[in-house]
Amino acid sequence: MKKLLIACCALLLSVGSFAQDPNFYIYLCFGQSNMEGNARYEAQDTVVNPRFQVLSAVDNSEVGRLKGKWYPARAPLCRKGTGLGPADYFGRTMVENLPENVRVGVVHVAIGGCRIELFQKDKYKEYIKTAPEWMKGMLKAYDDDPYARLVEMAKLAQKDGVIKGILMHQGESNTGEKEWPLKVKDVYDNLLADLNLRGQDVPLIAGEVVNADHGGTCASMNPIIATLPEVIPNSYVISSAGLSCAFDHLHFDAAGYRIFGQRYAAQALKLLGVGLPTAEELMERTVPASTNMHGCDFPRLDQDNRAYFRLFAPDVKRLQVDVCGKRYDMLKDETGWWSAKTDKLVVGFHYYFLLVDGFSVIDPMSNTFFGCSRMASGIEVPEGKEGDYYRTQNVPHGQVRMVTYFSESQQKFRRCVVYTPAEYEKNTKKRYPVLYLQHGMGEDETGWSTQGYMYNILDNQIAQGKCVPMIVVMESGDVEVGFRPRPNKDANAERNLYGASFATLMVQDLIPMIDKTFRTYTDRENRAMAGLSWGGKQTFDITLTNLDKFSYIGAFSGAIFGLNVKDAFNGVFADAKAFNKKVNYLFLGSGTEENMGTAALVKSLRDMNINLTEYVSQGTAHEWLTWRRCLNEFIPHLFKR
């Protein structure tokens, strides 16, 4: 019987040890409103790596959580109606820097506005008697004993993982109390005892309140918080220096919480023997972006296409980088260097901006590109071998030149960009066909030769014999400033007029100037036009009303919406036989990840028996990679009849 009992006990122990995952790191989080989460969370805060989880300490209908169950740790981590807090980006940073087999879980119990006494086992009952009315509903969610709930949930968590530390953010409601560190020690010691933990194994990591550098209402508490390690040997204080705050100067804002969480994680990782990479280590495993200013080491890209930014700005209070429509809060170290890492970026060219204390500026480390109706920073995330068509190759290279000319129709000087093939300067008697190539809304005549690398695409194809040597002309199109509806104006009428001035200029001024200045063929059989986005619309508007001047037409993600093909452009598509005879090549391209209506336009034209070529760029959206690919597909078919 005794042997049977021993065997049963051994079996139970083995089952228990199997259920507890040593690679599931648990952190207990407690405190008041700054730990609870006081900032409105944003879309980026609701997408989280499933390796970061929260054990719900209460039922939370806002995110569909039940008490005592594990869930992916998207904000809010605490009760219903709370927001973003330091624990959110603590966990995210932890799983980013720990091995793939390690999970991180948080047990989160916090009460906005509470004193530390609420978590003291021998003080909380007296404290609750004096609690304000607005706090009582919050207390009820924890059965009027938040400490007991924290212990209850921690014991559940211990069945699944190993408690590695305790995170605390509390102190505002105890501002000025020099005995506060001893009260914190009382809570810490009780947690160790009730959960059978050892102090040397479970550090306490506590954060400062809003710093004096941001006018923190309770900043005088920070010197007291700094004394915690004097009473709790295995404790660490996380600086709030430089962290942005809410208007009340009592709570941090979302950006402040994100960076604060990263700072908590940096300390926890350090205690685990995992240091965040230094700038030198980062540079060893990344490469500078090709779009950087000459001699600038950042931004950089790793093998997974994450971008790394690093800037020295000691006097700035808040710095973010806005890339691909997502803003990343940059982390400032004690020496004034700011850094950030993005999510994985899709290949191709992307505009980005820095937000300095909320004001959008370009990155001094990046070359600049005109886009988004302004000068912008840009980062090129390289394709693999398939991107060689737009890279510089060891082939003869043409020239890209700026040409200034006077427009009689507009009575002002204008500028265009002109590409001539490599042989143009050598064979001085030969004439060339011309492609007029237009950019999109919010860009200018430099777009195709900077963001688009059109000169490499042409050089490479000409050298390989894929396309005929040609001149390419790029003008502004009068759409540098994006269309914006205005008060008391008909938006549809305004939209129809947007960039319309370019049609007259092109026919009356630009084409004659090009034919006079360069050695061109001047007949329609040797003239093509194409454009991206709004430039695609302009291409349709100009070529289809001037078919005596153009015989090749291309629209790349063309902004050609709601076109009635039966009546459009004076019924040019109605006689398909005549159209197909006159237009040597009609090309419509788009990316799979955009919705510009190109597929519907293709169908409607084919239903009219119009000959055309459709090209779909796989995996790309309304972006330069789509348009580079379209140009690469378009030009081999030009001027070969």
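Caption draft 1: Molecular detail of the layout of surface pockets. Roughly 500 Å³ of internal volume is contained in the second largest pocket. Elements represented by at least two residues in the lining of the second largest pocket include exactly β11 (319–323), β14 (337–344), β15 (348–356) and α20 (624–634). Counting residues per element, the lining of the second largest pocket draws most heavily on β15, which supplies five residues.

Caption draft 2: Highlighting the sheet that holds strand β4 (residues 103–110). Taken together, the seven strands give an open sheet; going across it, the order is β3-β2-β4-β1-β5-β6-β7, and neighbouring strands pair in mixed fashion. Edge positions in the open sheet fall to β3 (70–72) and β7 (235–238), since each of these has one partner strand only. Taken pair by pair, the neighbouring strands of this sheet meet at an average axis angle of 25°, ignoring direction. In this sheet, strand β5 (residues 162–169) lies alongside strand β1 (residues 24–31) in parallel orientation, the contact comprising seven bridges. Bridging from a neighbouring strand, F30 pairs with M168 of β5.

Caption draft 3: Just the sheet that holds strand β20 (residues 412–420), in detail. Here eight strands make up an open sheet; going across it, the order is β19-β20-β22-β21-β23-β24-β25-β26 and the pairing mixed. In this open sheet, the two strands that pair with only one neighbour each are β19 (399–407) and β26 (613–617). Averaged over all pairs of adjacent strands, the angle between their axes in this sheet comes to 20°, without regard to strand direction. With respect to the sheet, helix α16 (residues 534–543) is in contact with β21 (434–438), β23 (527–532), β24 (552–556) and β25 (585–591), its orientation differing from that of β23 by roughly 145°. Packing against the sheet, helix α19 (residues 598–607) makes contact with β25 and β26, and its axis sits at approximately 150° to β25.

Caption draft 4: Inspection of the environment of I379 at higher detail. Tracing the backbone through its elements, the reader meets I379 in strand β18 (residues 374–381). Sequence spacing of I379 and F561 is 182 residues, and the spatial spacing of their C-alpha atoms is 30 Å. Ignoring anything within four residues of it in the chain, the contact list for I379 reads A289, T291, P299, L301, A307, V323, G348, F349, H350 and Y352.

Caption draft 5: Highlighting the nonpolar core. L28, F30, L118, M168, W180 and L191 are the most contacted members of the largest nonpolar core, which totals 50 residues. Those residues in contact with M168 that sit more than four places away from it in its chain are F30, M35, I116, W180, V184, L204, I205, A206, G207, L228 and Y264. Residues M94, L167, Y257 and L269 belong to the second largest nonpolar core, which totals 39 residues.

Caption draft 6: Summary view of empty space enclosed by the protein. Within the structure shown, the criterion is met by one cavity of 30 Å³ or more. Reported here for the largest cavity is a volume of approximately 40 Å³. As for the largest cavity, its lining consists of L55, S56, A57, V58, L77, C78, R79, H108 and Y142. Here the residues of the lining of the largest cavity sort into six nonpolar, two polar and one charged.

Caption draft 7: Looking closely at the pattern of salt bridges. Taken as a whole, this structure holds 38 salt bridges when the rule is applied. A salt bridge links D143 to R149; the shortest N-O distance between them is 2.8 Å. The exposure class assigned to R149 is buried, which follows from its relative accessible area of 4%. Each of E42, D45, R258 and D329 takes part in a single network of salt bridges with overlapping partners.

Parameters and conventions
Residues numbered from 1 in each chain as written. Predicted model: local features only at pLDDT ≥ 70, side-chain atom pairs only at ≥ 80, totals over all residues. Heavy atoms only, no water. 1 Å grid on protein atoms, 1.4 Å probe; cavity = no way out; pocket = protein on both sides within 12 Å on 5 of 7 lines; lining within 4 Å. Points joined across faces, edges and corners; volume = space filled by probe spheres on them. Helix = DSSP H or I, 4+ residues; strand = E, 2+ residues; numbered from the N terminus. Pairing = 2+ DSSP bridges. Axes fitted to C-alpha atoms, helices over the stretch in contact; angles between N-to-C directions. Contact = heavy atoms within 4.5 Å. Core = buried A, V, L, I, M, F, W, Y, C linked by side-chain atoms within 4.5 Å. Buried < 20%, exposed > 50% of the residue type's maximum accessible area, 1.4 Å probe, protein only. Nonpolar A, V, L, I, M, F, W, Y, C, P; charged D, E, K, R; others polar. Salt bridge = Lys/Arg side-chain N within 4 Å of Asp/Glu carboxyl O.

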